[in-house]
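Read off the chains here:
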Amino acid sequence: MSEMQDRLGPAQWDAVPGKWNSDEDDVLVCTHVRAETEDVKSFLFRTPTAKMFRFRPGQFITLELEIDGETINRCYTMSSSPTRPDTLSITVKRVPGGKVSNWLHDNLKAGVAIKAFGPSGEFSCTLHTAPKYLFLSGGSGVTPLMSMSRALYDLGEDRDVVFVHSARTPRDIIFRNELATMAHGMNRFRTAFVCENIGEQRDWSAPRGFLTLPLLKSIVPDLSEREIFCCGPEAYMANVRAMLTAAGFDMARYHEEKASRSSD
Ligand SMILES: Cc1cc2nc3c(=O)[nH]c(=O)nc-3n(C[C@H](O)[C@H](O)[C@H](O)COP(=O)(O)OP(=O)(O)OC[C@H]3O[C@@H](n4cnc5c(N)ncnc54)[C@H](O)[C@@H]3O)c2cc1C
């Protein structure tokens, strides 16, 4: 067990020669754009001088953009894993009326350079290594948990992980195919999806509606044994906190990151 903890622990993610340092080089160049769902795209980046990216899975970068003559900063969690250090990706959901998310969707293409700072943040399973995890996400809150899952998968870390993701409809489940591949490739990695509506997928047999405590307990009967990481909209996380408190969960083992700005 101690060997496993060392491999996943903080030292693994801090030191790498020639790594990207935004204090010296704040430019990222988009290399590829991938449509994930109808309103979510992933943007892949490299540095102009082919530096390596090193960060803790779950951390975020801050983009600084000039839009209509205004300088605007927004945070986006890396969806990529630091185990694939040649590229960094963020995965962005279009927010109706949102300045930056729409600008990224409409303007950021291969070859476009932007400014970015980081990595930042303490929301990472590498800072709370445990034998059993519960990842809970809502909507675009999937990104830090996807980075953590990709890291565990690439490292061959066969941890006991249950990843419960909530989405509007089955079509809105971000990374659905890749999560299925990871569940297939890791003995103790399990996913469950909870969709508000079934949308066009009439054969959807998984839970519908919002996540509730009885549903969560039925998916994860050993809830109390797990280190929990939760990311999503504020209302979703407030609901999760209330559920866990009602279940008598030890909240010292609950970690969260809000998937939106504090002013939202
Ligand atoms: C640590 C962190 C990590 C994050 N990671 C991700 C991620 O991985 N993926 C992701 O998609 N997002 C992520 N976010 C959210 C992201 O930073 C942005 O908040 C999000 O993309 C919306 O930004 P925007 O500029 O498009 O919207 P904004 O322009 O900030 O608008 C947000 C909402 O407010 C409304 N609004 C704006 N101005 C007004 C006004 N004057 N009056 C009334 N309403 C108004 C808009 O219509 C919109 O609905 C993260 C946030 C944090 C803090």
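Is there a simple way to think about the environment of Ala167 in this case?
With respect to the helices and strands, Ala167 occurs in strand β8 (residues 160-167). When the C-alpha positions of Ala167 and Asp68 are compared, they lie 32 Å apart, and in sequence the two are 99 residues distant.

Explanation requested: the site of the ligand in the structure shown.
Surrounding the ligand, one finds 25 residues, the nearest of these being Gly97, Gly98, Val100, Ser101 and Thr143. Residue assignment for the shell around the ligand shows that the elements contributing at least two residues are β4 (70-77), β5 (88-93), α3 (99-107) and β11 (254-258). Here the residues of the shell around the ligand sort into nine nonpolar, nine polar and seven charged.

How do you make sense of the sheet that holds strand β1 (residues 27-37) when you look at a structure like this?
Strand-to-strand pairing in sheets goes through backbone hydrogen bonds, with the strands running parallel or antiparallel. The strand order across the open sheet built from six strands is β4-β3-β6-β1-β2-β5, with neighbouring strands paired in antiparallel fashion. Looking at which strands have only one partner, the edges of the open sheet turn out to be β4 and β5. Put simply, the sheet's adjacent strands are angled 40 degrees from each other on average, direction ignored. Note: β1 against strand β6 (residues 113-120), three bridges, orientation antiparallel. Within β6, the position partnered with Val27 by the bridge is Lys115.

Sorry if this is basic, but what is going on with the nonpolar core here?
For soluble globular proteins, the rule of thumb is that nonpolar side chains tend to be buried together. In terms of nonpolar packing, the biggest core is built from 55 residues, with Phe135, Leu145 and Phe229 touching the most fellow members. No other element matches helix α4 (residues 142-155), which puts seven residues into this core. Each of two domains, domain 1 (10-120) and domain 2 (125-258), supplies a minimum of three residues to this core. If near-sequence neighbours (up to four positions away) are discounted, Phe229 is found in contact with Phe123, Cys125, Tyr133, Phe135, Leu145 and His255.

Rules used in this analysis
Residues numbered from 1 in each chain as written. Predicted model: local features only at pLDDT ≥ 70, side-chain atom pairs only at ≥ 80, totals over all residues. Helix = DSSP H or I, 4+ residues; strand = E, 2+ residues; numbered from the N terminus. Near = placed C-beta within 6 Å. Nonpolar A, V, L, I, M, F, W, Y, C, P; charged D, E, K, R; others polar. Pairing = 2+ DSSP bridges. Axes fitted to C-alpha atoms, helices over the stretch in contact; angles between N-to-C directions. Core = buried A, V, L, I, M, F, W, Y, C linked by C-beta atoms within 7 Å. Buried ≥ 20, exposed ≤ 12 C-beta atoms within 10 Å, placed from the backbone. Domains from an automatic or database assignment. Contact = placed C-beta atoms within 7 Å.

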